[in-house]
Amino acid sequence: MVEPADRPSAAAQRLGAPESFGVSTLEPGLRPPAQPPGRQVSIRVQMLDDTQEVFQMSQRAPGKVLFDLICVHLNLAEGDYFGLEYTDQRKMTVWLDLLKPTLKQIRRPKNTILRFVVKFFPPDHTQLLEELTRYLFALQIKRDLACGRLICNDTSAALMVSHIIQSEIGDFDETQSWQHLLHNKYLPDQDAIRDKITDCHRKHVGHTPAESDYQLLEIARRLEMYGIRLHPAKDREGTKLSLAVAHTGVLVFQGYTKINAFNWSKVRKLSFKRKRFLIKLRADPSQNTHHDTLEFAMASRDCCKIFWKICVEYHAFFRLFEEPKPKPKPILFTRGSSFRFSGRTQKQIIDYVKDSELKKVPFERKHSKILSNSGMSPQSSSFRSQVPKESAMCVQLADRPDSARLGHQVESNGSDEPLPATSSSNGFHNTAAAPGSDPAQPRQSHHGTGSAPDPQFLNPESPGSEGSPVGSPLVVVNGNGSVNGRGMGSTGALGLGQSPEGRQLSPLTSPLLTDAGCIRNDDEEEARRKKFPTDKAYFIAKELLTTERTYLKDLQVITESFVSAVGKEEAFPDSVKSLISTSYDPIYKFHQGFLKEVEQRLAQWEGRSNAHIKGDYQRIGDILLKNIQGLRQLTVHLQRHSECLVELERACRSSRKVEALGRDFEQQRVCYLPFNIFLLRPLHRLLHYKLILERLCKHYPPTHDDFRDCRAALADISEMVLQLQGTMMKMENFQKLLELKKDLTGIENLAIPGREFIRLGCLSKLSGKGLQQRMFLLFSDSLVYTSRGMTPSNQFKVHGQLPLYGMTIRESEEEWGVPHSFTLFGQRQSVVVAASCASEMERWVEDIRMAIDLAEQSSGPNADLLSGSLSDNKLLEDGSAELESEEELCGSRSSLERQGHRGNTTVHVCWHRNTSVSMVDFSVAVENQLSGNLLRKFKNSNGWQKLWVVFTNFSLFFYKSHQDDYPLASLPLLGYSVTVPSESENIHKDYVFKLHFKSHVYYFRSESEYTFERWMEVIRSATCSASRSLPSTRKDLY
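Overview of the structure. On a predicted model such as this, the values are computed, not experimentally measured, just so you know. (Residues numbered from 1 in each chain as written. Predicted model: local features only at pLDDT ≥ 70, side-chain atom pairs only at ≥ 80, totals over all residues. Heavy atoms only, no water.)

Structural notes on helix 5 (residues 154-169)
Point 1. Here helix 5 contains 16 residues, and its C-alpha end-to-end distance of 22 Å stays within 8% of the 22 Å for a straight helix at 1.5 Å per residue.
Point 2. Among the 16 residues of helix 5, 14 are classified as buried, and the element is accordingly described as predominantly covered.
Point 3. Put simply, N153 is the residue that caps the front of helix 5, since its side-chain oxygen is 3.2 Å from the backbone nitrogen of T155.
Point 4. Note on helix 5: the residue one or two positions beyond its end, G170, has a positive phi of about 90 degrees. (Helix = DSSP H or I, 4+ residues; strand = E, 2+ residues; numbered from the N terminus. Expected span 1.5 Å × (residues − 1). Buried < 20%, exposed > 50% of the residue type's maximum accessible area, 1.4 Å probe, protein only. Polar contact = N/O pair within 3.5 Å; in protein donor to acceptor, adjacent residues only side chain to side chain.)

Structure (structure tokens):
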């Protein structure tokens, strides 16, 4: 791994420019700090030009690291005006806290898109000294106009849109301007003022994009709603109002009219108490008045806290000379919030940019089809872009009554030579090669090379094989070079930051992932190509085929096996039968046709006689686009799947016979997972399509024939995932609560609205009998501890409950002399527990503290979970509970464990493996599912056995072939380690990985390097929660 300090920034490399020290939030001359060690995660960020970029960062890195990576990526010196916002699990828009670890704020990073947007709006746009910064502000104004957030009169709206069009298409041309307005939406009611827009556009002849940006910001800053983000509230009389914050202070709006303003100089203190937001004003000496406190009621405490935080940040950014220093940690008690503004203040930014002799770097306007005068030469002597001359005509047309003028005009001293830019219809734009790059660099092939598959895998029932370029290609992410690692796969063979034409890509639009070419013998490569397809896209398509086969089998469990099992039972409600049939039958029939199309395409693609000939069949995007568009028509059925889950649970609660039917069906071999998981499969499959399409889009260059279809399909499936994401998260939590309910005895009302599952796993509880193993289950309102019962159903017996409301936690290794121990102080009792290792203790302490915060935010302590007989007893310790050995779960070393009802649920596996798993781990496991052929070998055996293997729910399930209806055996992976065999193990085969836990060792052999990397990736996702490395001290984490 090459650290960022050892190489220039990725953005500078792409541009061929000298090193730029204009890095946001860092001292002059410094690069972004090295990331803390640990597993790398991918974070998706949507930029202001609507492109999405993927950044790799450590799972423990704070938000500041991600923000600095984005600023380096953009070559943005004035980055502190911007921020990262996202929608959390409460459906609330919040800002990413730069001081806290990113993954502690974002629960599901793979399904969350952060938005890079303007956070602080200065009163005068001439304070923005870089043209790139003004361009990004212009994009924000354009977005605010389109979504109806920036309210103004028709004259101002038409004038602003005309400047946007001028920057995008250039001087007025009647036909072109009308066509551009027809195909682009700049205002919600654009058609009504289209004539006004064109009339204004006629008058902008000769304006460059930079001048248009300047005029746009000049008009926007005068508007009353400029930079305003409304937060709904009510006054003491119940009148509906909105609160907002600006550079001047706190504003009060009624509708879109400002009715009051509290200047920072008049505000003594801002605070909130529960749902009440309080503004404490200073006393006015001239009027001999006392301190006045204004109170506003908001929707919830969270709403108050979000608004209070942005007020604190606005005050610090515009009023302070330097970043506030952190408060010293109190010795005993904490009072109030420790939140503070992080980053440079506006004064620090202006002083830094003025004092720094930094070079201009080229950037690209994604939507602009004309030449830009954006100081494109890296050799320019001045860092600051010159401000274009203001047009008096534009000022007269602007909406003067909105606010008084705050700024002054600055005249331009000239501009640098423009850099020609080209635009393609697929939305990817390329700029000419920057000085210092080699214009004669040859074009590289966009088809990846592949390794020949193992002949043992070639069979008629499994078309093709999966592979990837020989060796591990160099992947460059965030400017760091590393060997192709987990979750990355191999990528297209484009040079670093180059388009297929050999040109340098823009930092706003260039891909993050690149691939170094691999040297191979030409004759050998040609022989392999004639024998079998080698393009990486083929192997991705093969993964689509194998996982689609498994998915169709899972749908059969619902539409055929379950329906036939309950169809003749009169006790089962007809309404639930009908609901399940009407919701899942259309989905099943649709995917039957989809699978057939994919099988036909793969059979054509891998034909041995013509596999080396490029043809229309060597693509998969057209099939994906067609079927995803067809799947969108079935959204109404997908939305009813959550209703099926709820109604089925309601039927089980109302009838013991229905509950028994469900329990009996789950004992059938065909139902290899809890049945409720099958009901959520269609929603999870959307995530798999999205990930497959993302890999295809990363692999294809923009010029590839299949790229446009893949990108369109990705846009469609992303929209569907976003639409159903809220339902999916709620149902996953509901399903997990129902599954846990079946594993526990002595507990009531587990699945109630508002309760969230957080973590389950083993801890040792200290009692009069010493340390005893207990299964702990952490929810958002309570902590329950149990032990494994000796009943035939193997349910866990509940011993007690600790409400989280008012709970505190303290480390107690020295106090009790027990390693990795900590004490939980509840309102009723205190419990001392010990984890199996330091990393387990870190995870438990972190999640318990988070759960305590969630409980404190609720209205009060929740009702007891336990049944009456247990809740009255303080501690019901069952000393006779014995610890089962690993052999009881895994069987002998010579065979994998057989399927047993409820014998390999997550609770039982965690009990035997003495580990834990969180809801975040479950969410990751949902996305990391894989199917395909593998060769398996035991530790002491000689031969390899070919099996169809399905990875899901933290387990491997083994079939004789993909046509089998039920698995022969399974292997839960929690607690296992996945490695590559050492030379001493004498496994002289390629693409072999080893699974081992204590004395249990299994070898698995994949058919190609691509499948080897994918299996390693998904298996690590199941084992990392138990084996990932954490910091040695808690200070590194908190």
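Here the narrative resumes, following the displayed structure.
Some details on the sheet that holds strand 3 (residues 82-87)
Working definition: the strands of a sheet are paired by backbone hydrogen bonds and lie parallel or antiparallel to each other.
Point 1. If you walk across this open sheet you meet the five strands as 2-1-5-3-4, and the pairing is mixed. On the outer flanks of this sheet lie strand 2 (52-58) and strand 4 (93-95), each paired with one strand and no other. Across the sheet, the mean angle separating the axes of adjacent strands is 40 degrees when strand polarity is ignored.
Point 2. Inspection of the sheet shows strand 3 paired to strand 5 (residues 113-118) by four bridges, in the antiparallel sense. (Pairing = 2+ DSSP bridges. Axes fitted to C-alpha atoms, helices over the stretch in contact; angles between N-to-C directions.)

With respect to the packing of aromatic side chains
Point 1. Overall, the coordinates contain 36 aromatic pairs when judged by the stated rule.
Point 2. Here Y314 and F318 contribute two aromatic rings whose centre-to-centre distance is 5.5 Å and whose plane-to-plane angle is 40 degrees, an arrangement assigned as tilted. One end of the pair is Y314 and the other is F318, both in helix 9 (residues 301-319) and four residues apart, which spans about a single turn.
Point 3. Residue class for Y314 comes out buried when judged on its relative accessible area of 3%.
Point 4. For F318, a relative accessible area of 15% translates into the label buried. (Phe/Tyr/Trp six-rings, centres within 6.5 Å; stacked < 30°, edge-to-face > 60°.)

Details of helix 20 (residues 681-699)
Point 1. Taking 1.5 Å as the rise per residue, helix 20 with 19 residues should run 27 Å; its terminal C-alpha atoms sit 27 Å apart, in good agreement.
Point 2. Among the 19 residues that make up helix 20, 18 are buried, leaving the element largely enclosed by the rest of the structure.

A short note on the sheet that holds strand 32 (residues 1000-1005)
Point 1. Reading across from one edge, 29-28-27-26-32-31-30 is the order of the seven strands in this open sheet, with antiparallel pairing throughout. Each end of this open sheet is capped by a strand with a single partner; those strands are strand 29 (969-972) and strand 30 (977-979). Neighbouring strand axes in the sheet, compared pairwise and without regard to direction, differ in orientation by 35 degrees on average.
Point 2. Bridge count for strand 26 (residues 930-938) against strand 27 (residues 945-952) is seven bridges, and the pairing is antiparallel. The partner of S931 across the bridge, within strand 27, is V950.

Structural notes on the packing of helix 5 against helix 7 (residues 194-202)
Point 1. Running from N to C, helix 5 and helix 7 cross one another at 55 degrees; their axes reach a closest spacing of 8 Å. In terms of axis orientation, helix 5 runs oblique to helix 7. By crossing handedness, the relation of helix 5 to helix 7 is classed as right-handed. Counted together, D154, T155, A158, L159, V161, S162, I165, Q166 and I169 of helix 5 and K196, I197, C200 and H201 of helix 7 form the full contact between these two elements.
Point 2. Grouping the amino acids of the contact of helix 5 with helix 7 by side-chain chemistry returns seven nonpolar, four polar and two charged. (Parallel < 35°, antiparallel > 145°, perpendicular 65-115°, else oblique. Left-handed = near helix turned anticlockwise from the far one by under 90°. Contact = heavy atoms within 4.5 Å. Nonpolar A, V, L, I, M, F, W, Y, C, P; charged D, E, K, R; others polar.)

Some points on the pattern of salt bridges
Point 1. Following the criterion strictly, the structure yields 46 salt bridges and no others.
Point 2. Among the salt bridges present, the one from E313 reaches K119, with a minimum N-O distance of 2.9 Å. One end of the pair, E313, is in helix 9; the other, K119, is in the loop between strand 5 and helix 4 (131-146), with 194 residues separating them in the sequence.
Point 3. The closest approach of N and O atoms between D351 and K347, which form a salt bridge, is 2.8 Å. (Salt bridge = Lys/Arg side-chain N within 4 Å of Asp/Glu carboxyl O.)

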